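Single-letter residue listing:
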Amino acid sequence: LVEDIRRAAELLVQYRPFIAFTGAGISAESGVPTFRGRGGLWERFRPEELATPEAFERNPRLVWEWYRWRMEIIYKARPNPAHYALVELERLGLIRCVVTQNVDGLHQRAGQHCVVELHGNIWRARCMRCSYKLVFREPPREVPPRCPRCGGLLRPDVVWFGEPLPEEAWRTAVELAESSQGILVVGTSGVVMPAGYIPHIVKQHGGYVVEVNIEESAVTPIADVFLKGRAGEVLPRLVEEARKLLAHG
Ligand code: NAD
Ligand code: APR
């Protein structure tokens, strides 16, 4: 792994700035459950009942109960060393943006300046009737929460299965992927589309793919370097290696 981290650091420095692409795994060490790993959310809940427009139509209270439960967990969570490592890579000019599938807002809380949220943000909600947008400071006391303007039903401003991704975010992510010579993929199973295409776009344009994951994923087959390990342990070591290379030219 030591050799691989050095190789990854060399690519990061030589072809900087990379972009980063993150999934639920980067927040696992903050105590936020992933979707598909062991103990993942989809093991305990069926996405059809929760993360789809039909589910919300059928039972908005159940869907909000699930989101409130996740908001409680995220409200208590703190960014972990993996999030802070990406902030340091941004400060060092080695990555220019984090494209994330996560809705927990932990990249922003860690101090990341450039974050593209492909699946929305769990703290934002919008009215189904008048499209009023609001940001929750803490989990809502009563669910389903009502629109303060028109009394209509609020929904989480999150992308559900079967829904399109926010257009602006998706376009930005594709432009970033097409114009980067490398991508640092952290903590994603890479199976959910279209978000999962982002690393493949970098590869198709001749860019390098460095992956950090505790196990192989759908991205691993196209990874130039696969750093097997927990993001909270591997990323700080990658930062240290890259900092040494930058210092000695
Ligand atoms: P989809 O229904 O086409 O499914 C695409 C992927 O979602 C599948 O490849 C699979 O990996 C995953 N998936 C679907 N059903 C699953 C199940 N029962 N168990 C585990 N994984 C399952 O999804 P889509 O139409 O591409 O969804 C659009 C977007 O909504 C996707 O980018 C997805 O990531 C996003 N989404 C967000 C949340 C959230 O809470 N942020 C939840 C679900 C989906
Ligand atoms: N360090 C690095 N990787 C980790 C860690 C860790 N500490 N813990 C788990 N992982 C990896 C798992 O091996 C897995 O590959 O993180 C990945 C988590 O994958 P998923 O649970 O599928 O999460 P994600 O890839 O973000 O799912 C994509 O699907 O349900 C939708 O919208 C939801 O954004 C989510 C999308």
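Residues numbered from 1 in each chain as written. Chains lettered and ligands numbered in written order. Predicted model: local features only at pLDDT ≥ 70, side-chain atom pairs only at ≥ 80, totals over all residues. Heavy atoms only, no water.

**Some points on the site of ligand 1**
Reasoning step 1: The environment of ligand 1 is formed by 19 residues, the closest being His119, Val159, Gly162, Val192 and Met193.
Reasoning step 2: Within the contact set of ligand 1, an oxygen atom lies 2.9 Å away from a backbone nitrogen or oxygen of valine 191.
Reasoning step 3: Methionine 193 places a polar main-chain atom, nitrogen or oxygen, 2.5 Å from an oxygen atom of ligand 1.
Reasoning step 4: Looking at the shell around ligand 1, the elements with two or more residues in it are helix 4 (47-50) and helix 6 (60-76).
Reasoning step 5: Of the residues in the shell around ligand 1, the class split is 13 nonpolar, 2 polar and 4 charged. (Near = heavy atom within 4 Å. Polar contact = N/O pair within 3.5 Å; in protein donor to acceptor, adjacent residues only side chain to side chain. Helix = DSSP H or I, 4+ residues; strand = E, 2+ residues; numbered from the N terminus. Nonpolar A, V, L, I, M, F, W, Y, C, P; charged D, E, K, R; others polar.)

**Some points on the pairing of strand 4 (residues 120-127)**
Reasoning step 1: In terms of burial, strand 4 is a largely internal element, 6 of the 8 residues being buried.
Reasoning step 2: Here 4 bridges tie strand 4 to strand 6 (residues 154-158), and the two strands are oriented antiparallel to one another. Note that in strand 6 the partner of cysteine 127 across the bridge is leucine 154.
Reasoning step 3: Two elements, strand 4 and strand 5 (residues 133-135), share 3 bridges in a ladder whose sense is antiparallel. Note that in strand 5 the partner of arginine 124 across the bridge is valine 135.
Reasoning step 4: Count of turn residues in the strand 4/strand 5 antiparallel hairpin: 5 residues, of which serine 131 carries a positive phi of about 65 degrees. (Buried < 20%, exposed > 50% of the residue type's maximum accessible area, 1.4 Å probe, protein only. Pairing = 2+ DSSP bridges.)

**Quick notes on the state of the cysteines**
Reasoning step 1: Summed over the entire model, instances satisfying the criterion amount to 1 disulfide.
Reasoning step 2: Disulfide pairing places cysteine 97 opposite cysteine 114 at an S-S distance of 1.7 Å. What sets the handedness of the cysteine 97 and cysteine 114 disulfide is the S-S torsion sign, and at about -50 degrees it is left-handed. Separated by 17 residues along the polypeptide, cysteine 97 in strand 2 (residues 95-100) and cysteine 114 in the loop between helix 8 (106-110) and strand 3 (115-117) bring together distant segments of the chain.
Reasoning step 3: Taking relative accessible area as the criterion, cysteine 97 reaches 3% and is therefore assigned buried.
Reasoning step 4: When its relative accessible area of 27% is taken as the criterion, cysteine 114 is described as partly exposed.
Reasoning step 5: Here cysteine 127 is not disulfide-linked; the sulfur of cysteine 150 is the nearest cysteine sulfur, at 3.5 Å.
Reasoning step 6: No disulfide involves cysteine 147; its sulfur sits 3.6 Å from that of cysteine 130, the nearest cysteine. (Disulfide = S-S within 2.5 Å.)

**Quick look at the UniProt feature "binding site: Zn(2+)" (unreviewed entry) in the chain**
Reasoning step 1: The sites that carry the UniProt feature "binding site: Zn(2+)" (unreviewed entry) are, in the present numbering, Cys127, Cys130, Cys147 and Cys150. For the annotated residues, spread through 24 residues, the largest C-alpha to C-alpha distance comes to 8.4 Å, consistent with a single compact locus.
Reasoning step 2: When you line up the elements, cysteine 147 lands in the loop between strand 5 and strand 6.
Reasoning step 3: Overall, the relative accessible area of 4% leaves cysteine 147 in the buried class.
Reasoning step 4: The contacts of cysteine 147, once residues within four sequence positions are left out, are Cys127, Cys130, Tyr132, Gly152 and Leu154.
Reasoning step 5: Along the chain, the position of cysteine 150 falls in the loop between strand 5 and strand 6.
Reasoning step 6: Overall, cysteine 150 belongs to the partly exposed group, its relative accessible area being 29%.
Reasoning step 7: Excluding residues that lie within four positions of it along the chain, cysteine 150 makes contacts with Cys127, Arg129 and Cys130. (UniProt positions renumbered as here; feature names shortened; annotations may be inferred. Contact = heavy atoms within 4.5 Å.)

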